[in-house]
Amino acid sequence: RKSVRLKLNTIKSEFAGRNVLLVDDSVVRGTTATEIIQMARDAGANKVYLTSAAPPIRYPNIYGIDIPTREELVAYDRNEDQIAEKLGCDWVVYQELNDLEAAVREAGENPEQAYESSCFSGTYVTGERINDPYFTKLHDLRNDTAKLKKLESTGSVQAGLPPGSHDGCENLSNDKRGRPRSA
(Lines give C-alpha, C1' and ligand atoms only; values in the text may rest on other atoms or scores of the structure.)
Protein backbone atom coordinates (compact mmCIF):
# COMPACT_ATOMS: atom_id res chain seq x y z
CA ARG A 1 0.00 0.00 0.00
CA LYS A 2 2.68 2.40 1.04
CA SER A 3 4.62 1.99 -2.22
CA VAL A 4 1.56 2.88 -4.34
CA ARG A 5 1.10 6.12 -2.44
CA LEU A 6 4.80 6.92 -2.89
CA LYS A 7 4.52 6.51 -6.68
CA LEU A 8 1.15 8.15 -7.27
CA ASN A 9 -0.47 11.31 -6.01
CA THR A 10 -3.92 12.80 -6.42
CA ILE A 11 -4.66 16.43 -7.10
CA LYS A 12 -7.71 17.00 -4.91
CA SER A 13 -9.10 19.78 -7.11
CA GLU A 14 -9.26 17.32 -10.02
CA PHE A 15 -11.14 14.69 -8.02
CA ALA A 16 -13.30 16.60 -5.53
CA GLY A 17 -16.99 16.29 -6.30
CA ARG A 18 -16.42 14.47 -9.60
CA ASN A 19 -17.15 11.05 -11.01
CA VAL A 20 -13.80 9.51 -11.94
CA LEU A 21 -12.91 6.81 -14.46
CA LEU A 22 -9.60 5.07 -13.71
CA VAL A 23 -7.95 3.05 -16.48
CA ASP A 24 -5.53 0.20 -15.81
CA ASP A 25 -3.75 -2.17 -18.18
CA SER A 26 -4.83 -5.19 -16.12
CA VAL A 27 -6.05 -6.07 -12.66
CA VAL A 28 -4.43 -9.19 -11.18
CA ARG A 29 -4.74 -9.38 -7.39
CA GLY A 30 -6.43 -6.03 -7.09
CA THR A 31 -4.13 -4.63 -4.40
CA THR A 32 -2.88 -1.68 -6.49
CA ALA A 33 -6.33 -0.96 -7.92
CA THR A 34 -7.85 -0.99 -4.43
CA GLU A 35 -5.29 1.52 -3.18
CA ILE A 36 -5.73 3.83 -6.20
CA ILE A 37 -9.51 3.71 -5.84
CA GLN A 38 -9.18 4.63 -2.16
CA MET A 39 -6.83 7.49 -3.05
CA ALA A 40 -9.47 8.85 -5.47
CA ARG A 41 -12.13 8.58 -2.75
CA ASP A 42 -9.82 10.26 -0.22
CA ALA A 43 -9.39 13.12 -2.70
CA GLY A 44 -13.18 13.62 -2.73
CA ALA A 45 -14.39 11.73 -5.81
CA ASN A 46 -18.17 11.20 -5.89
CA LYS A 47 -18.02 7.93 -7.76
CA VAL A 48 -15.04 5.89 -8.87
CA TYR A 49 -15.24 3.65 -11.93
CA LEU A 50 -12.47 1.30 -13.07
CA THR A 51 -11.83 -0.07 -16.53
CA SER A 52 -9.23 -2.63 -17.51
CA ALA A 53 -7.65 -2.83 -20.95
CA ALA A 54 -7.31 -6.59 -20.37
CA PRO A 55 -10.08 -9.11 -19.79
CA PRO A 56 -10.54 -10.32 -16.22
CA ILE A 57 -7.63 -12.53 -15.18
CA ARG A 58 -9.44 -15.47 -13.63
CA TYR A 59 -6.90 -18.29 -13.99
CA PRO A 60 -3.18 -18.79 -13.40
CA ASN A 61 -0.90 -18.88 -16.42
CA ILE A 62 1.64 -21.60 -15.73
CA TYR A 63 3.40 -21.39 -19.10
CA GLY A 64 5.33 -18.16 -18.67
CA ILE A 65 4.10 -15.50 -16.27
CA ASP A 66 4.07 -16.62 -12.66
CA ILE A 67 0.56 -15.43 -11.90
CA PRO A 68 -0.66 -16.19 -8.39
CA THR A 69 -2.88 -19.15 -7.69
CA ARG A 70 -6.47 -18.69 -8.74
CA GLU A 71 -7.79 -17.86 -5.25
CA GLU A 72 -5.38 -14.89 -5.12
CA LEU A 73 -6.78 -13.41 -8.35
CA VAL A 74 -9.43 -10.77 -7.71
CA ALA A 75 -11.53 -11.94 -10.68
CA TYR A 76 -11.46 -15.65 -9.85
CA ASP A 77 -14.96 -16.95 -9.20
CA ARG A 78 -16.38 -13.40 -9.10
CA ASN A 79 -18.58 -11.46 -11.51
CA GLU A 80 -17.98 -7.78 -12.27
CA ASP A 81 -20.30 -6.54 -9.51
CA GLN A 82 -18.50 -8.68 -6.94
CA ILE A 83 -15.12 -7.51 -8.22
CA ALA A 84 -16.21 -3.85 -7.96
CA GLU A 85 -17.32 -4.47 -4.39
CA LYS A 86 -14.04 -6.20 -3.52
CA LEU A 87 -11.99 -3.35 -5.05
CA GLY A 88 -14.14 -0.65 -3.46
CA CYS A 89 -15.25 1.03 -6.69
CA ASP A 90 -18.74 1.80 -7.94
CA TRP A 91 -18.41 -0.08 -11.21
CA VAL A 92 -15.79 -2.08 -13.11
CA VAL A 93 -15.64 -2.94 -16.79
CA TYR A 94 -13.19 -5.20 -18.56
CA GLN A 95 -12.08 -5.64 -22.15
CA GLU A 96 -13.87 -8.60 -23.75
CA LEU A 97 -11.48 -11.43 -24.72
CA ASN A 98 -13.06 -11.87 -28.16
CA ASP A 99 -12.70 -8.13 -28.87
CA LEU A 100 -9.08 -8.13 -27.71
CA GLU A 101 -8.16 -11.11 -29.89
CA ALA A 102 -10.03 -9.63 -32.88
CA ALA A 103 -8.15 -6.32 -32.52
CA VAL A 104 -4.78 -8.08 -32.33
CA ARG A 105 -5.63 -10.26 -35.34
CA GLU A 106 -6.69 -7.20 -37.33
CA ALA A 107 -3.43 -5.43 -36.52
CA GLY A 108 -1.29 -8.51 -37.19
CA GLU A 109 -0.11 -10.26 -40.31
CA ASN A 110 -1.88 -13.59 -39.69
CA PRO A 111 -5.66 -13.24 -39.23
CA GLU A 112 -5.93 -16.96 -38.36
CA GLN A 113 -3.46 -16.66 -35.48
CA ALA A 114 -4.50 -18.37 -32.26
CA TYR A 115 -3.41 -16.84 -28.95
CA GLU A 116 -2.45 -18.32 -25.62
CA SER A 117 -5.02 -16.67 -23.39
CA SER A 118 -5.39 -19.22 -20.59
CA CYS A 119 -5.24 -16.61 -17.83
CA PHE A 120 -8.43 -15.09 -19.25
CA SER A 121 -10.28 -18.17 -20.51
CA GLY A 122 -9.03 -21.10 -18.43
CA THR A 123 -8.37 -22.99 -21.68
CA TYR A 124 -4.82 -24.35 -21.65
CA VAL A 125 -2.90 -25.35 -24.77
CA THR A 126 -1.99 -28.70 -23.22
CA GLY A 127 -5.62 -29.62 -22.59
CA GLU A 128 -5.29 -29.61 -18.80
CA ARG A 129 -8.12 -28.27 -16.72
CA ILE A 130 -7.85 -26.10 -13.65
CA ASN A 131 -8.67 -28.91 -11.18
CA ASP A 132 -6.36 -31.55 -12.72
CA PRO A 133 -3.66 -33.02 -10.42
CA TYR A 134 -0.97 -30.95 -12.14
CA PHE A 135 -2.68 -27.67 -11.22
CA THR A 136 -3.39 -28.90 -7.71
CA LYS A 137 0.32 -29.63 -7.23
CA LEU A 138 1.29 -26.19 -8.60
CA HIS A 139 -1.24 -24.54 -6.31
CA ASP A 140 0.20 -26.34 -3.29
CA LEU A 141 3.71 -25.14 -4.22
CA ARG A 142 2.97 -21.58 -5.37
CA ASN A 143 0.25 -20.10 -3.20
CA ASP A 144 1.14 -17.27 -0.82
CA THR A 145 0.80 -19.44 2.28
CA ALA A 146 3.24 -22.03 0.88
CA LYS A 147 5.73 -19.31 -0.09
CA LEU A 148 5.52 -17.72 3.36
CA LYS A 149 6.01 -21.08 5.10
CA LYS A 150 9.10 -21.72 2.98
CA LEU A 151 10.53 -18.30 3.88
CA GLU A 152 9.74 -18.81 7.56
CA SER A 153 11.47 -22.19 7.56
CA THR A 154 14.66 -20.58 6.24
CA GLY A 155 14.43 -17.61 8.63
CA SER A 156 14.08 -15.15 5.74
CA VAL A 157 10.98 -13.35 7.01
CA GLN A 158 11.25 -10.18 9.09
CA ALA A 159 8.61 -9.90 11.79
CA GLY A 160 5.52 -8.05 10.61
CA LEU A 161 6.78 -7.30 7.09
CA PRO A 162 5.83 -9.01 3.85
CA PRO A 163 8.59 -11.20 2.35
CA GLY A 164 11.19 -9.15 0.49
CA SER A 165 9.66 -5.82 1.51
CA HIS A 166 12.67 -4.32 3.33
CA ASP A 167 10.12 -1.98 4.89
CA GLY A 168 9.09 -0.79 1.43
CA CYS A 169 12.65 -0.07 0.27
CA GLU A 170 15.02 -1.95 -2.01
CA ASN A 171 18.01 -3.45 -0.24
CA LEU A 172 21.16 -1.45 -1.05
CA SER A 173 23.11 -4.68 -1.59
CA ASN A 174 20.95 -5.18 -4.71
CA ASP A 175 22.15 -1.93 -6.27
CA LYS A 176 24.31 -3.07 -9.19
CA ARG A 177 24.89 0.39 -10.70
CA GLY A 178 28.40 0.74 -9.35
CA ARG A 179 27.67 3.64 -7.04
CA PRO A 180 29.91 4.06 -4.03
CA ARG A 181 28.21 3.04 -0.83
CA SER A 182 28.50 5.06 2.33
CA ALA A 183 30.07 3.34 5.32
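How each quantity is defined
- Residues numbered from 1 in each chain as written.
- Predicted model: local features only at pLDDT ≥ 70, side-chain atom pairs only at ≥ 80, totals over all residues.
- Heavy atoms only, no water.
- Helix = DSSP H or I, 4+ residues; strand = E, 2+ residues; numbered from the N terminus.
- Polar contact = N/O pair within 3.5 Å; in protein donor to acceptor, adjacent residues only side chain to side chain.
- Buried < 20%, exposed > 50% of the residue type's maximum accessible area, 1.4 Å probe, protein only.
- Phe/Tyr/Trp six-rings, centres within 6.5 Å; stacked < 30°, edge-to-face > 60°.
- Core = buried A, V, L, I, M, F, W, Y, C linked by side-chain atoms within 4.5 Å.
- Contact = heavy atoms within 4.5 Å.
- pLDDT = per-residue confidence, 0-100.
- Pairing = 2+ DSSP bridges.
- Axes fitted to C-alpha atoms, helices over the stretch in contact; angles between N-to-C directions.
- Salt bridge = Lys/Arg side-chain N within 4 Å of Asp/Glu carboxyl O.

### A look at the side chain of serine 117
At step 1: On the secondary structure map, serine 117 appears in the loop between α5 (97-107) and α6 (118-121).
At step 2: Of note is the side chain of serine 117, whose polar atom sits 3.2 Å from the side chain of glutamate 101.

### Some details on the environment of isoleucine 11
At step 1: Secondary-structure assignment places isoleucine 11 in the loop between α1 (2-7) and α2 (12-15).
At step 2: Residue isoleucine 11 is classed as exposed on the basis of its relative accessible area of 55%.
At step 3: Separated by 33 residues in the primary sequence, isoleucine 11 and glycine 44 have C-alpha atoms spaced 10.0 Å apart.

### Quick notes on the packing of aromatic side chains
At step 1: One pass over the full model with this rule turns up 2 aromatic pairs.
At step 2: Seen from their ring centres, tyrosine 49 and tryptophan 91 are 5.7 Å apart, and the 80 degrees between their planes marks the pair as edge-to-face. With a gap of 42 residues between them, tyrosine 49 in strand β2 (residues 47-52) and tryptophan 91 in strand β3 (residues 91-94) connect regions that are remote in the sequence.
At step 3: Each ring, one from tyrosine 59 and one from tyrosine 76, has its centre 6.5 Å from the other, and the planes form 80 degrees; the classification is edge-to-face. Taken as a pair, tyrosine 59 in the loop between β2 and α4 (80-87) and tyrosine 76 in the loop between β2 and α4 lie far apart in primary sequence, 17 residues in all.

### What about the nonpolar core?
At step 1: Counting 19 residues, the largest nonpolar core has Leu50 and Leu87 as its most contacted members.
At step 2: Those elements giving two or more residues to this core turn out to be β1 (19-24), α3 (31-42), β2, α4 and β3.
At step 3: What leucine 50 contacts, discounting residues up to four positions off in sequence, is Leu21, Leu22, Asp24, Val27, Ala33, Ile37, Leu87, Cys89, Trp91, Val92 and Val93.
At step 4: Residues Ile67, Leu73, Leu97 and Cys119 belong to the second largest nonpolar core, which totals 7 residues.

### A short note on unusual backbone geometry
At step 1: With a phi close to 60 degrees, aspartate 77 is a non-glycine residue in the positive phi region.
At step 2: Turning to its location among the elements, aspartate 77 is positioned in the loop between β2 and α4.
At step 3: Taking the relative accessible area as the measure of exposure, aspartate 77 reaches 67% and is therefore exposed.

### Quick look at the confidence of the model for the protein chain
At step 1: Per-residue confidence for the protein chain averages 81 on the pLDDT scale, and 81% of its residues sit at or above 70.
At step 2: With pLDDT under 50 throughout, residues 161-177 is counted as low confidence; its partners more than four residues away or in other chains account for 9 contacts.
At step 3: Here residues 179-183 is modelled with pLDDT under 50, and outside its nearest four sequence neighbours on either side it reaches 3 contacts, counting other chains as well.

### Considering the sheet that holds β2
At step 1: An order of β1-β2-β3 is seen for the 3 strands of this open sheet, with the pairing classed as parallel. Because the sheet does not close on itself, it has two edges, and the strands there are β1 and β3. Neighbour-to-neighbour, the strand axes of this sheet turn through a mean angle of 20 degrees, independent of strand direction.
At step 2: Of the pairings in the sheet, the one linking β2 to β3 comprises 4 bridges and is parallel in character. Within the sheet, the bridge partner assigned to threonine 51 lies in β3 and is valine 93.
At step 3: Sitting on the sheet, α3 touches β1 and β2, and the angle it makes with β2 is about 150 degrees.
At step 4: Those strands touched by α4 are β2 and β3, and its axis lies near 125 degrees from that of β3.

### Overview of the pattern of salt bridges
Pairs can form between side chains of opposite charge once their charged atoms are near each other.
At step 1: Applying the stated criterion to the full structure yields 5 salt bridges.
At step 2: A salt bridge links glutamate 80 to arginine 58; the shortest N-O distance between them is 3.5 Å. Here glutamate 80, found in helix α4, pairs with arginine 58, found in the loop between β2 and α4; they are 22 residues apart in sequence, far enough to count as distant.
At step 3: On the basis of relative accessible area, glutamate 80 is assigned to the partly exposed category, the value being 30%.
At step 4: For arginine 58, a relative accessible area of 18% gives the class buried.

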